[in-house]
Amino acid sequence: MTNHLGDMMFSKYILIIGANPAVNHPVSMVHILRAKESGAKLVCIDPRFTKTAAKCDEFHRIRSGTDIAFAYGLLNHIIEKKLYDEKFLKERVYGYEEIIKEAKKFPPEVAADVCGIPADEIRHIAEEMASAKPASLIWNQGLTQHTVGTSNTRIMPILQMFLGNIGKNGGGVNILRGHDNVQGASDMNNLADSLPGYYGLGEPAWRHFCKHWGVEYDWMLKRFKDKEMMEKTGFAHSTWKFGVLEDENMANNGGTKLRALVVIGSGMTTVSLLDLQRKAMDMLDLVVFVDPYVNDLAIYSDRKDNLFMLPAASQMETAGSVAATNRSYQWRSKVMEPLFECRPDEEFLFGLADRLGFLKEYQWRLYDIAKSKGRDKFIWPDDATTELTQSIRSIGLQGMSPERLKAHQENWHMFDKVTLEGTGPFKGDYYGLPWPCWSDKHPGTPVMYNDSIPVMRGGMGFRVNWGVTSPDGQSMLTNRTLPNAKFEGGHAPVSAANAESLGIKLTEEEKQAVAGTTFAMGIGNNILVEKALEAGLCPYGNGKARAKVWNWYDQIPLHREPIHSFRGDLVSKYPSFPDKKNLFRANIKYESRQKEKDWVKEFPVNMLSGRLVAHMGTGAETRSAKYLAEVEGEMFVEIHPDRAAELNVINGDKVWLHGTSGTKILVPVKISTRVDYNSVWLPQNFSGLDQGKSRLENYPEGTKPYVIGESANMISSYGFDYNSACPETKCGLCRIEKA
Ligand SMILES: Nc1nc2c(c(=O)[nH]1)N[C@H]1C(S)=C(S)[C@@H](COP(=O)(O)OP(=O)(O)OC[C@H]3O[C@@H](n4cnc5c(=O)[nH]c(N)nc54)[C@H](O)[C@@H]3O)O[C@H]1N2
Ligand SMILES: Nc1nc2c(c(=O)[nH]1)N[C@H]1C(S)=C(S)[C@@H](COP(=O)(O)OP(=O)(O)OC[C@H]3O[C@@H](n4cnc5c(=O)[nH]c(N)nc54)[C@H](O)[C@@H]3O)O[C@H]1N2
Ligand SMILES: [Mo]
């Protein structure tokens, strides 16, 4: 999220595309509705008439998986009518000319044919959004769970840059996050392709963290088969099953199959192709679930050996720093001690590290921090927060400390809810120190990429992350000077090597202390960054945004039909990607799967899925909560009245839904005009029924949930984002049969 929820108050127009905050983010929805009350127009783009749509001024029904075509339709009209912010593009965006070229291919009529929103509506949205200054854009999973998910998440900021809406109060791209602390999980890179703080997996990143953690780089290297494996992206949540099931992926995994799985805090039935997931789980030597509840995947298996369920403590029973959707960090206090045998997650990880023989190295830094504070034992979670805020400099966490975060949490009343600004002793700070927060004097950054305020007030340009010159010889630096900066124009990321040339003055002693480091790679002191701030510079540089990503397959976002497209007739014009080898260690099919057959002939219904307000994720927690289970107590499929009439079903009748991978689910019908005739909608919050058969007997004594239901992911279609491997669960096809 570039801005924050309070900041929506400054919006004149809010485009909600692929998000349903009325159900999934009720607190955000309050902010959105306040903005509406003070004059913002709300516009919802969704394949389904959601509860959010009901609160909006306009609803436009889009065919799922076509947001890029829709965005190019808007851009085409914006360009045609010269409604774009030329100055912003020229000064701050690299590669926008190629977007203009692509947009020319999508006059509103062409875009309308692809995305289903009539051409006049596209023109109307383009004109209104362009004239509202500023306009904000909100999205969530409606845009990400697609083969083109990462392209979707690029085209929307590009649209906002064409309108000059980035770096402004009331503008920005505001992605509503998923789970509690999912922003924090992302910042810690609980992902297979990076070390914490988005540092990547290359040798410099490993060396940075090894130094910080107090272990030798060579020792770390020996934990891996070889250097290649050390630097190689691992399996993803969505691809591990292929590392068990498909021999061809052994080549991607150091020559072996995956043999063990430890699941800590994921429901697992929420990943697509549940049946394959179960098959893979049954082939593993060892499966461990660390969860406060019975993990849903566990009960889909009949295996009797080597499946362990370890009782994790819940968030009420633990404390620590968590990150909010807007990059603010917050301190969370423990409400109660863990019940019964439950333990906080870190204890399981310490236990595992101990048995693997590296607990000393794993905890070295914690003891080092304790020592620096005159103690011989570390304090959890305080010292862990100190550790991460000292090492993660790439996004500027080093200005946060447990003390600062606790003081903010204990003094909520001293911060303004709209601007996040503090008062009294917190004057100058923004609530939760939204990152980047570069130093213990820095206030945090409430609105990213705002280069009209000084860096020490939360200002910044675009990050210079890919060199100062593009491969086609253009400068990646802006010509704009940050307010109060001692250096004119854009500049490279600050390092010991370029500090002097940027006008940063260092004493001999300071030079020695920072020798060989960069703003992101410093250890033990923050001198370089503090000196950059004194000189008015942004530690990570002041550059241009990239509309064109030269090292990606689609250098600019391109519309590609979903693998299982409802518009089979458009597949040859907008084909999927070529098949990809070694995507998070699995060979993944795109075009070959798309062209395998005329999918829509056999599976003529567009399948959508999403969430219910009373349930969370798989529903493991919420379906075990008596009152929530009562509020939404049954899995269902939403079907348009005309389709229901055709099938000769009424509310509550059961239908079989057949998925494109040979699986099926048995669900009651809910007749609704929320969906159009071509689509059905499924909540993703159920599991426990397995293609008509109950799995209740697999729950250990005393752990049965109040409600079970078929899992939408038993029939979700094959398909993964080309870059992130996120499953294409927002597109897919199915066939309906009366049961
Ligand atoms: N009550 C509750 N709240 C939750 C959750 C929960 O399970 N229950 N889950 C949390 C999590 S983990 C997350 S990530 C968030 C998710 O929050 P949201 O993303 O808001 O959730 P969804 O309902 O999955 O999808 C959002 C909307 O995208 C639409 N959509 C589907 N395909 C497309 C498309 O191709 N284009 C466009 N424009 N729209 C499309 C859907 O119809 C849906 O209305 O919610 C969080 N909040
Ligand atoms: N068809 C379809 N599929 C989808 C989606 C969709 O829209 N449609 N949305 C996708 C999205 S965005 C997401 S995020 C996923 C949902 O993602 P998941 O993470 O798979 O879903 P949850 O059920 O929320 O899983 C959380 C698990 O962690 C456990 N847990 C809770 N607190 C703790 C804790 O403190 N420690 C530990 N160790 N465990 C804990 C819970 O009991 C639960 O079993 O679903 C994805 N799948
Ligand atoms: Mo999510």
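As a reminder, the structure under discussion sits directly above these lines.
Each value, and the rule that gives it
Residue indices begin from 1 for each chain and proceed along its sequence in written order. To read the labels, note that chains go from A and ligands from 1, taken in the order they are written. This being a predicted model, a pLDDT of at least 70 is required before a residue's local features are given, and a value of 80 or more before pairs of side-chain atoms are given or counted; all residues contribute to the totals for chains, interfaces and linings. Calculated side-chain values reflect all of the structure's heavy atoms, with hydrogen atoms and water omitted. Helical segments are the DSSP runs of H or I of at least four residues, strand segments are the runs of E of at least two, and each set is numbered from the N terminus. Put simply, the radius of gyration uses C-alpha atoms, and a globule should come to 2.2 Å times the residue count raised to 0.38. Throughout this description, buried means an accessible area under 20% of the type-specific maximum (1.4 Å probe, protein chains only), exposed means over 50%, and partly exposed covers the range between. Here, the arc refers to the directions that run from the helix axis to the C-beta atoms. We call two residues in contact when some of their heavy atoms are within 4.5 Å. In this text, buried Ala, Val, Leu, Ile, Met, Phe, Trp, Tyr and Cys residues form a nonpolar core when linked through side-chain atoms within 4.5 Å. If DSSP finds at least two bridges between two strands, the strands pair. In this analysis an axis means a line fitted to C-alpha atoms, helices contributing only their contacting stretch, and an angle means the value between N-to-C directions, from 0 to 180 degrees. The term salt bridge refers to a side-chain nitrogen of Lys or Arg lying within 4 Å of a carboxyl oxygen of Asp or Glu. Throughout this document, a residue counts as near a molecule or strand when at least one of its heavy atoms sits within 4 Å of that molecule or strand. Nitrogen and oxygen atoms within 3.5 Å of one another constitute a polar contact, given that in protein one can donate a hydrogen and the other can accept it, and given that sequence-neighbouring residues count only through two side-chain atoms. We get accessible surface area from the Shrake-Rupley algorithm with a probe of 1.4 Å; when it comes to residues, only the shown protein chains can shield them. Each residue gets one label: Ala, Val, Leu, Ile, Met, Phe, Trp, Tyr, Cys and Pro are nonpolar, Asp, Glu, Lys and Arg are charged, and the others, such as Gly, are polar. Think of it this way: a Phe, Tyr or Trp ring, Trp meaning its six-membered ring, pairs with another when their centres are within 6.5 Å, and the plane angle makes it stacked under 30 degrees, edge-to-face over 60, tilted otherwise. Here the term patch refers to residues with relative accessible area over 30% and no salt bridge, with like charges joined within 9 Å and nonpolar side chains (Val, Leu, Ile, Met, Phe, Trp, Tyr) within 5 Å.

Student: Just to check I follow, could you spell out the overall build of the chain for this structure?
Tutor: Of regular secondary structure, the chain possesses 27 helices and 23 strands. The C-alpha atoms of the chain give 26 Å as radius of gyration, which agrees with the globular expectation for 739 residues (27 Å, within 12%). A principal-axis box enclosing the C-alpha atoms of the chain has dimensions of 80 × 65 × 50 Å. When each of the 739 residues of the chain is scored for burial, the buried share is 58%.

Student: When you look at helix 6 (residues 96-103) in this model, what are you seeing that I'm missing?
Tutor: Three- or four-residue spacings in an α-helix give side chains the same orientation, since the helix completes a turn every 3.6 residues. Taken residue by residue, helix 6 has Y96, I99, I100, E102 and A103 as its buried positions. Buried residues along helix 6 cover an arc of 165° about the axis, so they all sit on one side. Among the structural elements, helix 4 (67-80), helix 5 (86-92), strand 4 (93-94) and helix 10 (149-162) are those in contact with the buried residues of helix 6.

Student: Help me understand the nonpolar core, please; the structure alone is not making it clear to me.
Tutor: Nonpolar side chains in soluble globular proteins generally cluster together in the buried interior. If you look at the biggest cluster of nonpolar residues, it comprises 116 residues, and the most contacted ones within it are I45, F70, Y72, L75, L137 and F162. Looking at which element gives the most residues to this core, the answer is helix 4, with 9 residues. Those residues within four positions of Y72 in sequence are excluded, and the remaining contacts are I99, E102, A103, F106, I155, I556 and P557.

Student: Got a minute to help me understand the side chain of D690 in this structure?
Tutor: Counting through the fold element by element, D690 comes out in strand 20 (residues 688-690). Accessibility expressed as a relative area gives 7% for D690, which makes it buried. With sequence-adjacent residues up to four places away left out, D690 is seen in contact with R278, Y300, R695, E710 and M714.

Student: How do you make sense of unusual backbone geometry when you look at a structure like this?
Tutor: Comment: phi is negative for the bulk of residues other than glycine, and the bulk of peptide bonds are trans. With an omega of 0°, the peptide bond between K133 and P134 qualifies as cis. W380 connects to P381 through a cis peptide bond whose omega is 5°. Structurally, P381 can be placed in the loop between helix 19 (359-372) and helix 20 (382-391). At N181, a residue that is not glycine, the phi angle is positive and equals roughly 65°. Summarising the element assignment, N181 is placed in the loop between strand 6 (173-175) and helix 11 (182-187). Under the relative-accessibility criterion, N181 is labelled partly exposed at 24%.

Student: Looking at this structure, I do not really get the sheet that holds strand 2 (residues 41-46). What am I missing?
Tutor: Hydrogen bonds between backbone groups are what pair the strands of a sheet, and the pairing can be parallel or antiparallel. Pairing in this open sheet of 5 strands is parallel, and the strands run 3-2-1-5-6 from one edge to the other. With one partner strand each, in any of the chains shown, strand 3 (58-61) and strand 6 form the two edges of the open sheet. The average angle at which neighbouring strand axes cross in this sheet is 20°, direction not considered. Two elements, strand 2 and strand 3, share 4 bridges in a ladder whose sense is parallel. The residue of strand 3 that forms the bridge with C44 is F59.

Student: Honestly, the pattern of salt bridges in this entry has me stumped. Any pointers?
Tutor: Overall, the coordinates contain 43 salt bridges when judged by the stated rule. With its nearest N and O atoms 2.7 Å apart, the salt bridge here joins D247 to K257. With D247 in the loop between helix 15 (240-245) and strand 7 (260-264) and K257 in the loop between helix 15 and strand 7, the pair connects residues that are 10 residues apart, well separated along the chain. With relative accessibility at 51%, the residue D247 sits in the exposed group. Judged by its relative accessible area of 27%, K257 falls in the partly exposed class.

Student: Just checking my understanding: could you explain the site of ligand 1 for this structure?
Tutor: With respect to spatial proximity, 31 residues lie near ligand 1, and among them D46, G65, R611, H615 and K730 are the closest. With respect to ligand 1, the backbone of N20 contributes an N or O atom lying 2.8 Å from an oxygen atom. In the model, an oxygen atom of ligand 1 is placed 2.7 Å from a nitrogen or oxygen of the K730 side chain. Here ligand 1 loses 96% of its free accessible area of 920 Å² to cover by the protein chains. Elements represented by at least two residues in the shell around ligand 1 include exactly helix 1 (21-24), strand 2 and helix 9 (141-144). Across the shell around ligand 1, the residue classes break down as 9 nonpolar, 17 polar and 5 charged.

Student: Which parts of the structure should I look at to understand the environment of M336?
Tutor: Topologically, M336 is positioned in the loop between strand 11 (329-332) and helix 18 (345-356). Note on M336: relative accessible area 35%, which makes it partly exposed. Aside from chain neighbours lying at most four places away, what touches M336 is M316 and E317.

Student: When you look at the packing of aromatic side chains in this model, what are you seeing that I'm missing?
Tutor: For any two aromatic rings, the description comes down to two numbers: the centre-to-centre distance and the angle of the planes. Going through the model one piece at a time under the given rule, you end up with 31 aromatic pairs. Pairing W438 with Y540 gives two aromatic rings, centres 5.6 Å apart and planes at 85°, and the pair type is edge-to-face. Residue W438 is located in the loop between helix 21 (402-409) and helix 22 (508-514), and its partner Y540 is located in the loop between helix 23 (527-534) and strand 12 (545-546); the two are separated by 102 residues in the primary sequence. As far as the burial class goes, W438 and Y540 line up, both buried. When the ring of Y718 is compared with that of F720, the centres are 5.3 Å apart and the planes differ by 90°; the resulting orientation is edge-to-face.

Student: Is there a simple way to explain a nonpolar patch on the surface in this structure?
Tutor: Together, V262, I264, L349, L352, L356 and Y362 give the surface a local cluster of nonpolar side chains, amounting to about 510 Å² of exposed area. Tracing the backbone through its elements, the reader meets Y362 in helix 19. We classify Y362 as partly exposed; its relative accessible area is 39%.

Student: How do you make sense of the environment of W412 when you look at a structure like this?
Tutor: Inspection of the secondary structure puts W412 in the loop between helix 21 and helix 22. On the basis of relative accessibility, which here comes to 55%, the residue W412 falls in the exposed class. C-alpha separation for the pair W412 and G422, spaced 10 residues apart in sequence, amounts to 9.0 Å. Here W412 is in contact with Q330 and Y431, once residues within four sequence places are set aside.

Student: Please clarify how helix 21 should be interpreted in this entry.
Tutor: Residues of helix 21 that are buried: P402, R404, L405, H408 and Q409. Mapping the buried residues of helix 21 onto a view down its axis gives an arc of 165°, with all of them on the same face.

Student: Explain the site of ligand 2 to me, please; I cannot follow it from the model alone.
Tutor: Taken together, 27 residues form the shell around ligand 2, and within it H179, G267, T270, D291 and K730 come nearest. For ligand 2, an oxygen atom lies 2.4 Å from a polar atom in the side chain of T270. Contact with the protein chains hides 86% of the accessible area of ligand 2, taken as 920 Å² for the molecule alone. Here the residues of the shell around ligand 2 are counted per class, giving 9 nonpolar, 13 polar and 5 charged.

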